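Chains, contacts and geometry: an overview
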Amino acid sequence: MIRNRYTGEMLEFSCEVFPPKRDDDMYEIFQTLDQLEGLTPDFISVTYGAGGSNSKKTAKLSAYIQNLCDVEALAHMTAVGMTKEALPERLAELQKKGIRRILALRGDKPKLMTEEEFENREFRYAADLIRGIRDFGGFKIAAACYPEKHPDSADYETDIRYLKEKCELGVDELITQMFFDNTKFYDFMDRLDKAGVKTPVHAGIMPITKVNQLGTSVSLSGSSVPTELSNLIARYAEDPEGMRKAGIEYAVNQIDDLLRHGISGIHIYSMNKADITKEIYAAIL
Ligand code: FAD
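Thresholds, definitions, all that
- Residues numbered from 1 in each chain as written.
- Predicted model: local features only at pLDDT ≥ 70, side-chain atom pairs only at ≥ 80, totals over all residues.
- Heavy atoms only, no water.
- Near = heavy atom within 4 Å.
- Polar contact = N/O pair within 3.5 Å; in protein donor to acceptor, adjacent residues only side chain to side chain.
- Areas by Shrake-Rupley, 256 points an atom, 1.4 Å probe, with all protein chains shown as cover.
- Helix = DSSP H or I, 4+ residues; strand = E, 2+ residues; numbered from the N terminus.
- Nonpolar A, V, L, I, M, F, W, Y, C, P; charged D, E, K, R; others polar.
- Salt bridge = Lys/Arg side-chain N within 4 Å of Asp/Glu carboxyl O.
- Buried < 20%, exposed > 50% of the residue type's maximum accessible area, 1.4 Å probe, protein only.
- Axes fitted to C-alpha atoms, helices over the stretch in contact; angles between N-to-C directions.
- Parallel < 35°, antiparallel > 145°, perpendicular 65-115°, else oblique.
- Left-handed = near helix turned anticlockwise from the far one by under 90°.
- Contact = heavy atoms within 4.5 Å.
- Core = buried A, V, L, I, M, F, W, Y, C linked by side-chain atoms within 4.5 Å.

Near the ligand you find 23 residues, and of these Asp108, Tyr146, His150, Ser153 and Lys166 are the closest. Arg106 is positioned such that a nitrogen or oxygen atom in its backbone is 2.8 Å from an oxygen atom of the ligand. The separation between an oxygen atom of the ligand and a polar side-chain atom of Ser153 is 2.7 Å. Burial of the ligand by the protein chains amounts to 84% of its free accessible area of 980 Å². If you list the elements that add at least two residues to the shell around the ligand, you get strand S4 (73-78), strand S5 (101-105) and helix H6 (156-168). It is H6 that contributes the most residues to the shell around the ligand, three residues altogether. Broken down by class, the residue content of the shell around the ligand amounts to 11 nonpolar, seven polar and five charged.

Written out as structure tokens, the structure is:
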């Protein structure tokens, strides 16, 4: 927990890591995690390969965080690629490793999955996976939310209606999709408030420290880009060190503004960069 320097209240600080593609790169991510020592985040979340690919690595990395780094691990899991038969086995495996927190997601269609396979998935939405995890028992459940609405949703109202239904199944916390414009987040929080959703929200912040990172992040998330951020990218196109510094500063300013508004949690999309996460952490204390 960290203290909000404006309100004096405590809030959760967390970050996300992803398992490497190649097995031999696991050592590198273990090193990254070791470098986070001293940061004491409330949890570190571990992504899950599209459609369940690499799910073993998610479990392995989560176990390292939980048992060797002494930090709570939050293992991501997707409905896509999951079967009713496999779910209890996966959950029992996580429990055996001491993992007590899961981020339950729908997931997207992996490239190698056919439309038919995707359409016939056994768990349709995150909500169906949440029901399965809740009925199994023993896990704190997190879910995803989208300040600028999920791209599949026709409008904000529909998105919030399904989000509310998801929360009512027993979701303990929400983590937002990355956003670069805080006003979008505040509008979202107002909509949650009006809908009566009281689940704590962790604001997902992605530091953009490389010029080519923004395009990928935006195409994956659909998040809008304020002119201030696109101007930074243009200004530092030929200056990687300048971009790194400016990107961290942008993220820190975003968080500072969120702290002034009394946020309940900050979640850094760390991209496996311990140094960047540590610099942000130090700047917001
Ligand atoms: P859902 O909550 O199921 O919602 C998906 C869409 O369906 C929304 O438009 C929603 O409004 C709609 N909907 C929900 N319920 C119903 C219903 N009953 N009837 C009709 N429509 C409905 N993906 C990965 O593969 N691996 C990861 O590790 C991963 N980590 C993520 C972490 C975070 C914090 C976030 C925000 C996303 C992450 N994703 C990950 C991406 C995520 O899987 C996709 O965004 C996916 O498209 C939606 O997942 P969801 O859990 O939000 O889905």
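Once you've had a look at it, read on.
Moving on: the pattern of salt bridges. Proximity of charged atoms lets side chains of opposite charge pair with each other. In this structure the tally under the stated criterion is 16 salt bridges. For Asp25, the salt bridge identified is with Arg22, shortest N-O distance 3.3 Å. By relative accessible area, which is 48% here, Arg22 ends up partly exposed. A salt bridge links Arg244 to Glu279, with the shortest nitrogen-to-oxygen separation between them at 2.7 Å. Of this pair, Arg244 sits in helix H10 (residues 240-260) while Glu279 sits in helix H11 (residues 274-284), placing them 35 residues apart in sequence. Note on Arg244: relative accessible area 17%, which makes it buried. Residues joined in a network through salt bridges with shared partners are Glu12, Glu72, Arg100, Arg101 and Glu173.

Where H10 meets H11, the closest approach of the two axes is 10 Å, and the angle between their N-to-C directions is 40°. Compared by their axis directions, H10 and H11 come out oblique. Here H10 and H11 pass one another in a crossing that is right-handed. Residues Arg244, Ile248, Ala251, Val252, Ile255 and Leu259 of H10 pack against Asp275, Ile276, Glu279, Ile280, Ala283 and Ile284 of H11. Tallied by class, the residues present in the contact of H10 with H11 amount to nine nonpolar, no polar and three charged.

In this section: the nonpolar core. Grouped together as the largest cluster of nonpolar side chains are 70 residues, with contacts concentrated most on Leu33, Met77, Ile133 and Leu258. Ranked by residue count, the leading element in this core is H10, at six residues. Core analysis: the second largest hydrophobic core is formed by 19 residues, Phe43, Ile208, Met243 and Tyr250 among them.

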